[in-house]
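In case you want the letters, here they are:
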Amino acid sequence: LVGVYTNRHGERWELQLKGSGKTPYSRNGDGRAVLRSSVREFLCSEAMHYLGIPTSRAASLVLSDDDVWRDQFYNGNIKKERGAIVLRLAKSWFRIGSLEILAHSGELDLLRRLLDFIIQEHFPSIAMNDSNRYLEFFSTVVSETANLISLWMSVGFAHGVCNTDNFSLLSITIDYGPFGFMDSYDPNFVPNTSDDEGRYKIGNQASVGLFNLSKLLQALKPLLDPRQKQLASQILKGYGEHYHSRFTELFKTKLGLLGENENDNYLIAFLLKVSLLC
């Protein structure tokens, strides 16, 4: 993260470099990025924006003089590639994992401070003096995550690595690593060559979203009283209904269906099955 920029419209953007090297939080990677993946992130994040899907944006891409060694297909064939750096923007880069790691390490004071900061900065509809603010925050993230994954599905987009560290608390598409668009409908489509078990195949995205939200709830529980925990569990149970409703709405729009008909869901499922057989 290199800074925060407020544009002429008063919009606040966090600027982040991808591929510029190690950070204090790096794991075993070199912190570099190769040109091919940088170009893909730049183009896809902008395409997603103009498709109307919440996403980070790309501002610039520059070549690096460093050679980067990568095993592109994870088959032991390591090659030297040209490095690159993307300057990308988002309203916030906080993820579910940002809260999960603090709860896991027992840093509850810091967890509360960070959560209050996120709510104050990015959830203006939630009052900071509301004793149920964490509950309201969780409810918003649940519904908006369901909306985001429905939008992914409506354009055939598969993220590729849907773990808690790649799921935004603002429910935007972030971290374009391995990803892809289906050329034809296939619920088993996997864009990640390292995902041998198909954990993040496109047909699993909604379920993985629920799994990640359950991890978010687990991180929030130390800050909730017994009544709020019970209500939060009920909110999480409503995720499936949120997702199904939004998914149906989007696909009805694609088909030009008006009003409500009990056969709408059958028609959508039938056409997807036909697409699978074609």
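Once a new chain begins, its residue numbering starts again from 1 and follows that chain's sequence as written. For a predicted model such as this one, the threshold for reporting local features is a pLDDT of at least 70, and the threshold for listing and counting side-chain atom pairs is 80 or more; totals across whole chains, interfaces and linings nevertheless cover every residue. Note that water and hydrogens are dropped before the side-chain values are worked out from all heavy atoms of the structure.

The name an unreviewed UniProt entry assigns to the chain is Selenoprotein O, from the organism Cisticola juncidis. UniProt positions are given in the numbering used here, feature names are shortened, and annotations may be inferred rather than shown by experiment. Reading the Cofactor (unreviewed entry) entry of the UniProt record for the chain gives the comment "Mg(2+)".

Attention now moves to the domain arrangement of the chain. Domain limits in this description derive from either an automatic procedure or a database domain assignment. Partitioning the chain into domains gives domain 1 (3–90) and domain 2 (96–255). Using C-alpha coordinates to define each centre, domain 1 is positioned 22 Å away from domain 2. Contact criterion: two residues are considered in contact whenever any of their non-hydrogen atoms come within 4.5 Å of each other. Counting residues at the interface gives 20 residues for domain 1 and 19 residues for domain 2. Taken together, both faces of the contact between domain 1 and domain 2 bury some 1,500 Å²; the carbon and sulfur share is 61%. Salt bridge criterion: a side-chain nitrogen from Lys or Arg within 4 Å of a carboxyl oxygen from Asp or Glu. Counting across the domain 1 and domain 2 interface gives two salt bridges. Polar contacts, as used here, are pairs of N or O atoms within 3.5 Å; protein pairs need one atom able to donate a hydrogen and one able to accept it. Residues neighboring in sequence count only if both atoms are side-chain atoms. The tally of links from domain 1 across to domain 2 stands at seven residue pairs in polar contact (both at pLDDT 80 or more). Segments assigned H or I by DSSP are reported as helices when at least four residues long, segments assigned E as strands when at least two residues long, and all are numbered from the N terminus. Counting only elements with at least two residues in the side of domain 1 that touches domain 2, the list comes to strand S2 (12–18), helix H1 (35–50) and strand S4 (79–90). Accessible area, probed at 1.4 Å, shrinks when two parts are joined; the buried area is that loss added up over both.

Before going further, it helps to spend a moment on the nonpolar core. To form a nonpolar core, buried Ala, Val, Leu, Ile, Met, Phe, Trp, Tyr and Cys residues must be joined to one another through side-chain atoms within 4.5 Å. Classification of residues uses two cut-offs on accessible area relative to the type maximum, computed with a 1.4 Å probe and protein chains only: under 20% is buried, over 50% is exposed, and between them is partly exposed. With 54 residues, the main nonpolar core has Leu 99, Leu 115, Phe 137, Phe 138, Trp 152, Leu 216 and Leu 220 as its most contacted residues. Among the elements that take part in this core, helix H4 (residues 133–154) stands out by supplying twelve residues, more than any other. Each of domain 1 (3–90) and domain 2 (96–255) gives at least three residues to this core. The contacts of Leu 216, once residues within four sequence positions are left out, are Ile 96, Leu 99, Phe 138, Val 141 and Leu 169.

With that settled, consider the sheet that holds S2. Two strands pair if DSSP finds at least two bridges between them. Read from one edge to the other, the open sheet built from four strands follows the order S1-S2-S4-S3, with strand pairing classed as antiparallel. Of all the strands in the sheet, the pair left with one neighbour each is strand S1 (3–6) and strand S3 (57–70). Here the average twist between neighbouring strands, direction ignored, is 25°. Direction of pairing for S1 relative to S2: antiparallel, over a ladder of four bridges. Across the sheet, Thr 6 pairs through a bridge with Arg 12, a residue of S2. Against the sheet, H1 engages S2, S3 and S4, with an angle of about 160° to S3. What counts as an axis is a line fitted to C-alpha atoms, over the stretch in contact for a helix, and the angles between N-to-C directions run from 0 to 180 degrees.

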